[in-house]
Amino acid sequence: MKRIEEQISSLSDSICAVEEELHKHNVPFLSSYKDTQTRARAQSSLSDPQLLSGALIDVAKHLGNLPVILDPNTANRWLHLSDDLTSVRCGDKKQQLPDNPERNTKYFTVFGSEGFSSGKHSWEVEVGDHPRWNVGLVKESVDKKGELDASPEYGIWCLLHDNRKYTNGSGKTVTVKKSLQRIRVQLDYDRGEVSFYDPEDMTHIYTHRETFTEKLFPYFGVEDGDAKTTEIKICPTEISL
């Protein structure tokens with residue numbers, strides 16, 4: 001309380017200094033503004049606010065009963081998330097959002113709110129007939145601001161779909177029996193496997209194998225396209241392994 005009172009007193013002194021300058025004519029005030037500002041800052045022990053990692057929306061912790069929740073702090077500005085943070089679509093307007101450290105600024109991607117560093121985890125994503133998407137996992141230290149491909153080389157293990165073609169992120173085509181409406185993503189961290197299945201009949205689609213050394217987060221990418229399905233959505237049911 002004593003420190004707060006000192007800070008309030010310091011701010012009051014700063015306000016008084018500015019008010020004194022305001023009584024002057026405009027030109028003298030403008031010419032002495034920098035000196036007034038410097039003096040006010042010197043009198044105040046408060047530092048300017050800084051945009052720190054993790055200091056933004058913390059909605060996800062209140063929705064922990066759902067299998068996977070999207071992290072709005074990581075969403076690209078073109079992406080729009082549903083209120084319950086379980087679906088994402090590509091909008092036609094760029095949103096005014098802060099360029100915080102977590103934010104993906106180069107590609108239309110968003111991460112899950114919870115990361116995994118051990119054990120088995122699984123969830124399903126409904127993709128419908130959306131023409132362009134990718135789902136999988138991403139390492140915590142991935143470059144969110146630079147040029148990179150959604151491939152294991154850069155710490156992204158995913159399944160990509162682009163106009164009826166499925167690939168593994170490394171340029172290899174993945175063959176499927178029919179168009180996938182829903183994807184099951186399965187992580188076995190300790191065995192170093194990220195696998196994808198068609199949940200309708202549990203047909204195996206593809207498996208990435210890697211030795212993981214850091215926390216992994218659910219990874220989602222979606223771009224605009226002409227389709228009935230405008231968004232990709234995390235299915236709200238828990239899946240037991």
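Heads up: these notes are all about the structure in this document. A quick note: this is a predicted structure, and the numbers were derived from the prediction, not measured.

### Things to note about the pattern of salt bridges
Moving on, step 1. Scanning all chains against the criterion turns up 8 salt bridges.
Moving on, step 2. With its nearest N and O atoms 3.6 Å apart, the salt bridge here joins Lys178 to Glu200. Placement of the pair is Lys178 in the loop between β7 (165-167) and β8 (182-188) and Glu200 in the loop between β9 (193-198) and β10 (203-209), with a sequence separation of 22 residues.
Moving on, step 3. Under the relative-accessibility criterion, Lys178 is labelled partly exposed at 36%.
Moving on, step 4. A residue is classified by how much of its surface remains accessible, and Glu200, at 65% relative accessible area, is exposed.
Moving on, step 5. Note that Glu193 is salt-bridged to Arg191, the shortest N-O span being 3.7 Å.
Moving on, step 6. The exposure class of Glu193 is buried, given its relative accessible area of 16%.
Moving on, step 7. You can call Arg191 exposed: its relative accessible area is 61%.

### Remarks on the sheet that holds strand β6 (residues 156-162)
Moving on, step 1. In space, the 5 strands of this open sheet follow the order β3-β11-β5-β6-β7, with antiparallel pairing throughout. Both outer strands of the open sheet, β3 (109-111) and β7, are each paired with one neighbouring strand and no more. Pairs of neighbouring strands in the sheet enclose a mean axial angle of 15 degrees, with direction left out of account.
Moving on, step 2. Alignment of strand β5 (residues 132-139) against strand β11 (residues 216-222), held across 7 bridges, turns out to be antiparallel. For Lys139, the partnering residue across the bridge sits in β11 and is Leu216.

### Observations concerning the sheet that holds β8
Moving on, step 1. A sheet is described by the order of its strands in space; here 7 strands give the open sequence β1-β2-β12-β4-β8-β9-β10, paired in antiparallel fashion. Strands at the two margins of the open sheet, each flanked by one partner only, are β1 (79-81) and β10. Neighbour to neighbour, the strand axes of the sheet diverge by 20 degrees on average, direction disregarded.
Moving on, step 2. In this structure, strand β4 (residues 120-126) lies alongside β8, joined through 7 bridges in antiparallel fashion. Residue pairing for β8: Ser122 is matched across the bridge by Gln186.

### Some thoughts on the packing of aromatic side chains
Moving on, step 1. Within the structure shown, the criterion is met by 6 aromatic pairs.
Moving on, step 2. Each ring, one from Phe111 and one from Tyr219, has its centre 5.9 Å from the other, and the planes form 40 degrees; the classification is tilted. On the criterion of sequence distance, the pair formed by Phe111 in strand β3 and Tyr219 in strand β11 is long-range, its members being 108 residues apart. We note that Phe111, like Tyr219, is buried.
Moving on, step 3. Among the aromatic residues, those joined into a cluster by ring pairs are Trp157, Tyr189 and Phe212.

### Structural notes on the environment of Ser87
Moving on, step 1. Within the element layout of this structure, Ser87 appears in strand β2 (residues 87-90).
Moving on, step 2. A residue is classified by how much of its surface remains accessible, and Ser87, at 4% relative accessible area, is buried.
Moving on, step 3. Those residues in contact with Ser87 that lie beyond four places of it in its chain are Leu70, His80, Leu81, Ser82, Glu231, Ile232 and Lys233.

The rules behind the values
- Residues numbered from 1 in each chain as written.
- Predicted model: local features only at pLDDT ≥ 70, side-chain atom pairs only at ≥ 80, totals over all residues.
- Heavy atoms only, no water.
- Salt bridge = Lys/Arg side-chain N within 4 Å of Asp/Glu carboxyl O.
- Helix = DSSP H or I, 4+ residues; strand = E, 2+ residues; numbered from the N terminus.
- Buried < 20%, exposed > 50% of the residue type's maximum accessible area, 1.4 Å probe, protein only.
- Pairing = 2+ DSSP bridges.
- Axes fitted to C-alpha atoms, helices over the stretch in contact; angles between N-to-C directions.
- Phe/Tyr/Trp six-rings, centres within 6.5 Å; stacked < 30°, edge-to-face > 60°.
- Contact = heavy atoms within 4.5 Å.

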